[in-house]
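Residue-level listing of the chains:
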Amino acid sequence: MTGRPESASSHALPPAWPERAAWGTAPSLRAWQQAAMTKYFTENPRDFLAVATPGAGKTTFALSVAAELLGRRIVDRVTVVAPTEHLKLQWAEAAARAGIPIDPTYSAGQGKTSADYVGIAVTYAGVAVNPLAMRIRTERFRTLVILDEVHHAGDALSWGDGVREAFEPAARRLALTGTPFRSDVNPIPFVTYAPGSDGIPRSVADYTYGYAEALRDHVVRPVLFMAYSGQMAWRTRAGDEIAASLGEPLTKDLTNQALRTALDPNGSWIPSVLAAADKRLSEVRRHVPDAGGLVIATDQDSARSYAKTLRSITGEAPTVVLSDEKSGSKKIAAFSADTSRWMVAVRMVSEGVDVPRLSVGVYATTTSTPLFFAQAVGRFVRARTRGETASVFLPSVPTLLQYAAELEVARDHVLGRKVSDEDDIFAAENDLLAQAQASESASADEAALPFEALGSEARFDRVLFDGGEFGHAGEVHVGSEEEMDFLGIPGLLDADQMRELLQQRQSDRARKQKAALGDAVAASQRAADALADVSTHEQLAVLRRELNGLVAAWHHRTGQPHAMTHAALRKECGGPAAAVANAEQLRARIDRIRDWAVKRTS
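I will try to describe carefully the structure that is included in this document. Everything numeric in this text was worked out from a predicted model, so none of it was measured. Per chain, the residues get numbers from 1 upward, laid out in the order the sequence is written. Thresholds applied to this predicted model are a pLDDT of at least 70 for local features of residues and 80 or more for the giving and counting of side-chain atom pairs; totals over whole chains, interfaces and linings are not thresholded and use all residues. Hydrogens are left out, water is left out, and the side-chain values use all remaining heavy atoms of the structure.

Remarks on the overall build of the protein
Quick reminder of the rule: Numbering of helices and strands starts at the N terminus; helices are DSSP runs of H or I of at least 4 residues and strands are runs of E of at least 2. Only protein chains enter the accessibility calculation, which uses a 1.4 Å probe; a residue is then buried when its area is under 20% of its type maximum, exposed when over 50%, and partly exposed in between. The contact definition used throughout considers only heavy atoms, calling two residues in contact when any of these lie within 4.5 Å. The Shrake-Rupley method, run with a 1.4 Å probe, gives the accessible areas here. Residue values count only the displayed protein chains as cover.
Per the secondary structure count, the protein includes 20 helices and 21 strands. For the protein, the proportion of its 602 residues judged to be buried stands at 52%. The contacts of the protein with a sequence gap of at least 6 include a subset with a gap of at least 24, amounting to 75%. As displayed, the protein offers around 25000 Å² of accessible surface, 51% of which is attributable to carbon and sulfur atoms.

Okay, here's the thing in structure tokens:
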């Protein structure tokens, strides 16, 4: 980059005077941003770590700091380090709006950039390729380095080493993150660590703004998680056929196989959930006309199949973003600006990508780490108007349900503790960004699969909201009135209104189900009283009708399929199928299901 007088950059910057912050006259800054700015310029640190929940406005905060430092002549240049190519462009666009021209096409190999720029944007991977060239540039100017999503500096040892070498001479370093840190033995460059109560060093943030605070301030949307379960069937490599319900207690391998079966584009689970999500989007669009939806897929083949299914459901071709390329950035930008319904993406829209109109999401990926989940949900929480609520559809997998219940738990970076348990909430995010930036194909995954998906069905399971769970007893059929109790929730409700409505709908449905089961039990009792005077075949027919009626009522109460209820009754009471069972066996089953109903009601 060519040198030039410091004053040449000031014409595009907001007015500023020594020791007087221009941001103090900017009413557009949120309270937390103003508080963080006050802390920053009171302490004037060389290194500063700001932890703020996705959607809170970390970019605006960082650019306000940059503008002020440039205006005070504390720094001459700005270098932004982002995780992905798309985020470089997004930073450059945001900086341009703030009057700070940044070159997002800069590479360490070119050495120079136009004199019109006061800064550059690069990726962590780009820094690691040639950290010495970046160091030379950093030494030439008084530089502010903004490390966006700084936890990625610990994803690969080379990335961290590259960041440390390149930016050690920087005048100022501002680190940002909005998602949980990983836990390992690799310290993140320029982050302060201090021993915790257990003596283990943990990262120390200079300013923290969590999801709870952002929700209280109406900076982010509350999130309504729609969990779907259902029966899955698959064949293992050994040839064994397995059937299980998604979300029931299984080994880790079987849980993963059940999840992959659910996400199989050829099954029934994905089309059912996509149709439900589109119904929810239609309801939201009644109040928020430009609301959009995003499906996060595991690989390119799945993404294309999901897009085809969405087109058949909606009659509109969704935007498909397959990899982190320039064309992908353009597609995301176009989707952000228009009013189309759906976008399908492979991982890349999981972190930092700003599409404020996203209101409904489908988590249709096998990636299930706390970092990735937090990043994905972060795409839907940016608030524009008070009362907007995000809705995220996800499989009823224990890990995902746990993350949903603990939407934003502050986690510090822990040093000196290797991850030995893959289910640890701090599980390392190895190669996640490399996967996100790589061109992905399902073919390699398919070849390595230890099973073959045979079929799937979806059932509405429950809603998770504000730490609570809401739903109807048992799993609910897709398309049923019970499911619509939740899919049809208005698109504009604040958190308190949402909580009250969920509780009201759940209690109303419970009363109806209890009354329906009570009526069925009473009817079966009246039928039993009339059996004494009929012939054997008539008596058996009446008993079968009574049993089938109770099984149907039990299904309405619990959502359990009829065949499963009959099988459970045969297991407990003995005897053959109901069609050939004798009167005594049928009566035993009738009494048993009545006992179930009494216990359930009490």
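Next comes the rest of the account.
Topic: the nonpolar core
Rules: To form a nonpolar core, buried Ala, Val, Leu, Ile, Met, Phe, Trp, Tyr and Cys residues must be joined to one another through side-chain atoms within 4.5 Å.
Formed by 116 residues in total, the largest nonpolar core has its most connected members in Phe61, Trp269 and Phe393. Aside from chain neighbours lying at most four places away, what touches Trp269 is Tyr228, Ser229, Met232, Leu246, Ala262, Leu263, Leu394, Pro395, Ser456, Glu457 and Ala458. Counting 22 residues, the second largest nonpolar core, distinct from the first, contains Leu49, Val81, Ile188 and Phe190.

With respect to the pairing of strand β19 (residues 459-465)
Rules: Pairing between two strands is assigned when DSSP locates at least 2 bridges connecting them.
In terms of burial, β19 is a largely internal element, six of the seven residues being buried. Pairing between strand β10 (residues 223-229) and β19: five bridges, direction antiparallel. Note on β19: the bridge partner recorded for Ser229 is Arg459. Pairing of β19 with strand β21 (residues 476-477), which is carried by two bridges, proceeds in the antiparallel orientation. Bridge assignment links Arg459 to a residue of β21, and that residue is His477.

Regarding the sheet that holds strand β11 (residues 231-236)
Stated precisely, the cut-off is as follows: Axis definition: a line fit to C-alpha positions, over the contact stretch in the case of helices; interaxial angles, taken between N-to-C directions, run 0 to 180 degrees.
Read from one edge of the open sheet, three strands run β12-β11-β18, paired in antiparallel fashion. A single partner strand is all that each edge strand has here, and the edge strands are β12 (241-245) and β18 (451-456). For this sheet the average axis-to-axis angle between neighbouring strands, irrespective of direction, equals 25°. In the sheet, β11 pairs with β18 via five bridges, with the strands oriented antiparallel.

So, unusual backbone geometry
Most peptide bonds take the trans configuration, and most residues that are not glycine carry a negative phi. With phi around 45°, Asn44 is a residue other than glycine that occupies positive phi space. Mapped onto the elements of the fold, Asn44 is located in the loop between α1 (31-43) and β1 (47-52). Classification of Asn44 as partly exposed rests on a relative accessible area of 33%. Positive phi values are uncommon outside glycine, yet Glu149 reaches one of about 50°. Residue classification places Glu149 among the buried residues on the basis of a relative accessible area of 5%.

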